[in-house]
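Structure at a glance
In case you want the letters, here they are:
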Amino acid sequence: MKVLQVGAEVFPLIKTGGLADVMDALPQALRAQGADVRLLLPGLPAILDAVLHAKCVKRIGPVFGAGQVKLLLGQTPFSQLPVYVIDAPFLFRRDGGPYQDRNGAEWPDNLQRFGLLGWVAAQLAQGELVADWAPDVLHAHDWHAAMSCAYLHAHPGGDVASVFTVHNLAYQGLFPSADCALLGLSSRYMSPSSLEFHGQVSFMKAGLKFADRVTTVSPTYAREMATPEFGAGLEGVIRGRGGEVSGILNGIDTLVWNPATDSALAQRYSADQLQGKALCKAALQARFGLTPDPEAPLLAQVSRLASQKGLDLLLSVVPEIVRMGGQLVVQGTGDPALEAAFRKAESAHPGRVGVRLKYDETGAHRTIAGADMMLMPSRFEPCGLTQMYGLRYGSVPIVRRVGGLADTVRDAGSVVDFKSDGNGFVFDQPQAQQLQDTIARAFAAYRQPQAWSLLMRSGMQQDLSWDGPARQYMMLYERVSSEKRATEFRETD
Ligand code: ADP
Ligand code: GLC
């Protein structure tokens, strides 16, 4: 099975969220299942700098206003997977983020940038650019890669099948309809049954409409996406695909996230040797300027500071967390209003609340290891990786029952009614009172050391690896690619 994975970010080269972790770990897990996997990435500076042994395999004439474009083939530095990189200096070689400039404004030419990514993906998948490798399946991730599915549809040829994975419907890649002409597609693609979304062009819709199969990153989010509450206006399109939409839960990279080998930690630990975790907690309290207190339940949130993450709920329960004897650390960047609110909470509760408004990968490992509990009170959460990192590090998750959080965290009940199959604490409604009551239940359990260590161990021993999910993707690829071949065969018959 030959698979081309197409996306805009990959850990550790460029990362704005969990998508990068998936783009790194899923291809490796597929390779372990015997797949011949290659990646296709945009030539952002961090990617060009890191890719090993890059050679130009094709020069592409001026496209998307990019001038000359080179298609490079190299190797990812750590996983050593073959990777194609689109070197289009005019579109990709610039300082700032993958989607936004340094001030947080969207790049004005994102339509061309990610139009190019989709176009090259489709051409490569159809064997138009290189002669010696073409995939059976093109797997596109999120709106950045979604146009590949529209280009395959517009220029059918070959028997490559396409799979589109939605990581987050909140980011759709919407552009003015006047710019649609730049995509080089016929005008029939600018209609509501195609790419048009309320008068704009939607890249997300290209994936949802034209991929042979649509997946998302948890079974619960697959159901939620089809509802007005979570569908972000695309629920009708998603429902229209019927049984061709499914959810495959993400795994985590259990080598990168392993407290027994993690060199970032003050001391390593495991389910059988938990002592080191206390040292990690003390180090975390010191790092965030909290009162050294081994007994205080220490809550942590590591996340983008975005409305998705339910941080308004967390902010309203901060005084109660402190009143109950807890401590809180928050590591994240994003919405300036949320950043300011957390700064304010920190100064209101010195020694009890610590905040770090920065993106820091090593810091994330230390925070997750040092915490007793990880918070994820998300309003919606397609999958969520941080709660799984928490489970792996014995930091018990407290989450809202939504999306992938509902699929990975099982409520442990209360001290009087302890559920042995629980691995965390779960609440239903996005209400501060429910979050507060759930934190109170967790604190009560924390004060029962035996029950607590059972809870920690049950999470730490869980199989959160990519093995199972990668097998599910392999089955999906087999199915969709044999269906595609059968259709091609009928059509050419
Ligand atoms: P999302 O993709 O919606 O941001 P996930 O839970 O799937 O949510 O993934 C978030 C990823 O980003 C995790 O790997 C998490 O550790 C990381 N992360 C988020 N904020 C920070 C930060 N401030 N510093 C370091 N890592 C962060
Ligand atoms: C998105 C989602 C997150 C998911 C991640 C990786 O960023 O917000 O829930 O875990 O993608 O699939």
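Scroll up to find the structure.
Residues numbered from 1 in each chain as written. Chains lettered and ligands numbered in written order. Predicted model: local features only at pLDDT ≥ 70, side-chain atom pairs only at ≥ 80, totals over all residues. Heavy atoms only, no water.

**Comments concerning the sheet that holds strand E9 (residues 196-197)**
A sheet is described by the order of its strands in space; here three strands give the open sequence E8-E10-E9, paired in antiparallel fashion. Either end of the sheet is taken by a strand with one partner, and the two such strands are strand E8 (174-176) and E9. Relative to strand E10 (residues 200-202), E8 runs antiparallel, the two being bridged by three bridges. Among the inter-strand pairings, Phe 175 is bridged to a residue of E10, identified as Val 201. (Pairing = 2+ DSSP bridges. Helix = DSSP H or I, 4+ residues; strand = E, 2+ residues; numbered from the N terminus.)

**Comments concerning the side chain of Asp 24**
Position of Asp 24 among the secondary structure elements: in helix H1 (residues 18-32). With no salt bridge to any partner, buried Asp 24 finds its closest opposite charge in Arg 31, at an N-O distance of 8.1 Å. Each residue touching Asp 24, except ones within four places of it in the same chain, is listed here: Val 10, Phe 11, Ser 79 and Asp 253. (Buried < 20%, exposed > 50% of the residue type's maximum accessible area, 1.4 Å probe, protein only. Lys, Arg positive; Asp, Glu negative; His and termini not counted. Salt bridge = Lys/Arg side-chain N within 4 Å of Asp/Glu carboxyl O. Contact = heavy atoms within 4.5 Å.)

**Section: the site of ligand 2**
Residues in close proximity to ligand 2 total 14 residues, the closest being His 167, Asn 250, Glu 381, Cys 383 and Gly 384. Within the contact set of ligand 2, an oxygen atom lies 2.7 Å away from a side-chain nitrogen or oxygen of His 167. The separation between an oxygen atom of ligand 2 and a polar main-chain atom of Cys 383 is 3.0 Å. Out of a free accessible area of 310 Å², ligand 2 has 93% covered by protein chains. Here the shell around ligand 2 is built from residues that sort into six nonpolar, six polar and two charged. Split by domain, the residues of the shell around ligand 2 number at least three in each of domain 1 (2-251 + 466-492) and domain 2 (275-460). (Near = heavy atom within 4 Å. Polar contact = N/O pair within 3.5 Å; in protein donor to acceptor, adjacent residues only side chain to side chain. Areas by Shrake-Rupley, 256 points an atom, 1.4 Å probe, with all protein chains shown as cover. Nonpolar A, V, L, I, M, F, W, Y, C, P; charged D, E, K, R; others polar. Domains from an automatic or database assignment.)

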